[in-house]
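# Structural features, examined
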Amino acid sequence: MDEWSYIRAAYALTWVTLGSYAIYLVRRMLAAERSARMAPPSRPEEHPS
Amino acid sequence: MAERSNTQTVSPERPRWLLPLGIAALLALAAAQIYGFTTSPPDRDMGHLQKIMYVHVPAAWNAFIAFFVVLVGSVLYLWKRDERYDLLAAAAAEAAAVLTALTLALGSIWGRPTWGVWWTWDARLTSTAVLLVIIVGYLALRALTDDADRRARWSAAVGILGALNVPIVYMSVRWWRTLHQIQSSPSTVDSAYAWGLRANAIAFLLALICFIGLRYRAARLERLTERAVEDRAMEEDSAVHG
């Protein structure tokens, strides 16, 4: 492999990793939003003041 | 501390800043990489392989930042016992795991043509691998613990332990002189590479903020839904049993 193959591999891995993780996060957030809309009303979150 | 509590809800409406930040991170990553490629001359020793620095080093720095957020969230949770800090730490921990794994993989790709090996038990590589094991352990612990309070306390302890390992990883190249070069930063690299490195680090930081924001929001909504389901189950149970 020449040096450009390693460089291409590094940049491709970066984009695939960050892109896949971003897609996973967006899907998870959309699913959480759907579930939250469909969930029955609940007690609000409690936080110590 | 007083036992008073205030109540807050999570809005199903998405924060307006998330989408613009995501687009900005994407554009910044592309622009910073194009800038790095077009402005940096081949390195005297490594040639064009130096360009891997623009992704490897920002991934490592931002993994460290994510660990710092884990530390802050964990300490604040143990102090205030506010679930939001626990969820913030957990959101940052997931991003830290992704970026630490990416750092190791990119380092391996860079190491093969420059050192002649994919992996060696160098102090920097080994301490980074330990960091990855700790943060994966943190995520496994969260996934395997059902009780929310115990999950938050235990994972805060593991999160603090992981974050305390970061200075060891950072200083390992000075404390133990092995194969890995000293820390790359705008002050230690040639000035021809400094702005490319800064630009890529900022682009990665935007992506990291976006990741933590998305994961934190998903976690808050999931917790809200979990609580609603628990409430409904308790209501039904009390209705059945009088």
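Given the structure is predicted, the values throughout are model-derived calculations rather than measurements. Here the residue numbering is sequential within each chain, running from 1 through the sequence in written order. To read the labels, note that chains go from A and ligands from 1, taken in the order they are written. Note on the predicted model: pLDDT of at least 70 is required for a residue's local features to be given, and 80 or more for side-chain atom pairs to be given and counted; whole-chain, interface and lining totals, by contrast, use all residues. Excluding hydrogens and water, the side-chain values take into account all heavy atoms of the structure.

## As for the side chain of Ser40 of chain B
Residues and elements named next belong to chain B. The following threshold applies: Helical segments are the DSSP runs of H or I of at least four residues, strand segments are the runs of E of at least two, and each set is numbered from the N terminus. Between N or O atoms, a polar contact is any pair within 3.5 Å; within protein, one atom must be a potential hydrogen donor and the other a potential acceptor, and residues adjacent in sequence are included only when both atoms are from side chains.
Within the fold, Ser40 resides in the loop between helix H1 (18-39) and helix H2 (53-80). Only 2.6 Å separates the side chain of Ser40 from the backbone oxygen of Gly36, close enough to count as a polar contact. A polar contact is formed between the side chain of Ser40 and the side chain of Tyr54, at a distance of 3.4 Å.

## Comments concerning the nonpolar core
Selection criterion: Think of a nonpolar core as a cluster: buried Ala, Val, Leu, Ile, Met, Phe, Trp, Tyr and Cys residues, connected wherever their side-chain atoms sit within 4.5 Å. Using a 1.4 Å probe on the protein chains alone, a residue whose accessible area is under 20% of its type maximum counts as buried, one over 50% counts as exposed, and one in between counts as partly exposed. The contact criterion used is simple: two residues touch if any of their non-hydrogen atoms lie within 4.5 Å.
By size, the foremost hydrophobic cluster in this structure holds 60 residues, and its most contacted members are Ile52, Met53 and Phe204 of chain B. Those elements giving two or more residues to this core turn out to be helix H1 (3-38) of chain A together with H1, H2, helix H3 (83-115), helix H4 (123-144), helix H5 (148-175) and helix H6 (191-240) of chain B. Here this core gets 14 residues from one element, more than from any other, and that element is H3 of chain B. Filtering out sequence-adjacent residues up to four positions away, Ile52 of chain B remains in contact with Tyr6, Ile7, Ala10 and Tyr11 of chain A together with Leu106, Ile109 and Trp110 of chain B.

## Focus on the packing of aromatic side chains
The condition that has to hold: Classification of ring pairs uses Phe, Tyr and Trp, with its six-membered ring standing for Trp, and accepts pairs whose centres are within 6.5 Å; under 30 degrees between planes counts as stacked, over 60 as edge-to-face, and the remaining range as tilted.
Evaluated as defined, the whole model comprises eight aromatic pairs over all chains. Ring plane angle 75° and centroid distance 4.9 Å describe the contact between Tyr11 of chain A and Phe37 of chain B, whose orientation is recorded as edge-to-face. With Tyr11 of chain A in helix H1 and Phe37 of chain B in helix H1, the pair connects residues from two separate chains. Judged by relative accessible area, Phe37 of chain B falls into the partly exposed class, the value being 30%. Note on Trp119 of chain B and Trp121 of chain B: the rings are 5.3 Å apart at their centroids and 85° apart in plane angle, and the pair reads as edge-to-face. Residue Trp119 of chain B is classed as partly exposed on the basis of its relative accessible area of 34%. Among the residues examined, Trp121 of chain B registers a relative accessible area of 68% and is labelled exposed.

## Description of the environment of Leu206 of chain B
Residues and elements named next belong to chain B. Tracing the backbone through its elements, the reader meets Leu206 in helix H6. Look at Leu206 and you get partly exposed, because its relative accessible area is 23%. Leu206 sits 144 residues away from Asn62 along the chain, and the two C-alpha atoms are 9.7 Å apart. Apart from the residues lying within four places of it in its own chain, the contact partners of Leu206 are Leu21, Ala24, Ala25 and Ala28.

## Notes on the interface of chain A and chain B
To be explicit about the condition: Summed over both partners, the accessible surface that disappears when two parts come together, traced with a 1.4 Å probe, is what is meant by buried area. Here, a salt bridge means any Lys or Arg side-chain nitrogen found within 4 Å of an Asp or Glu carboxyl oxygen.
Contacts between the two partners involve 35 residues from chain A, matched on the other side by 57 residues from chain B. Together chain A and chain B conceal approximately 4,400 Å² of surface at their shared face, both sides included; 67% is due to carbon and sulfur atoms. Linking chain A with chain B are three salt bridges, by the criterion used here. A salt bridge links Glu33 of chain A to Arg217 of chain B; the nearest nitrogen and oxygen atoms lie 3.2 Å apart. On inspection of chain A and its partner chain B, the count reaches seven residue pairs in polar contact (both at pLDDT 80 or more). If you list the elements that add at least two residues to the side of chain A that touches chain B, you get H1 and strand E1 (45-48) of chain A.

Read these as layout, nothing more, since geometry by itself doesn't imply function.
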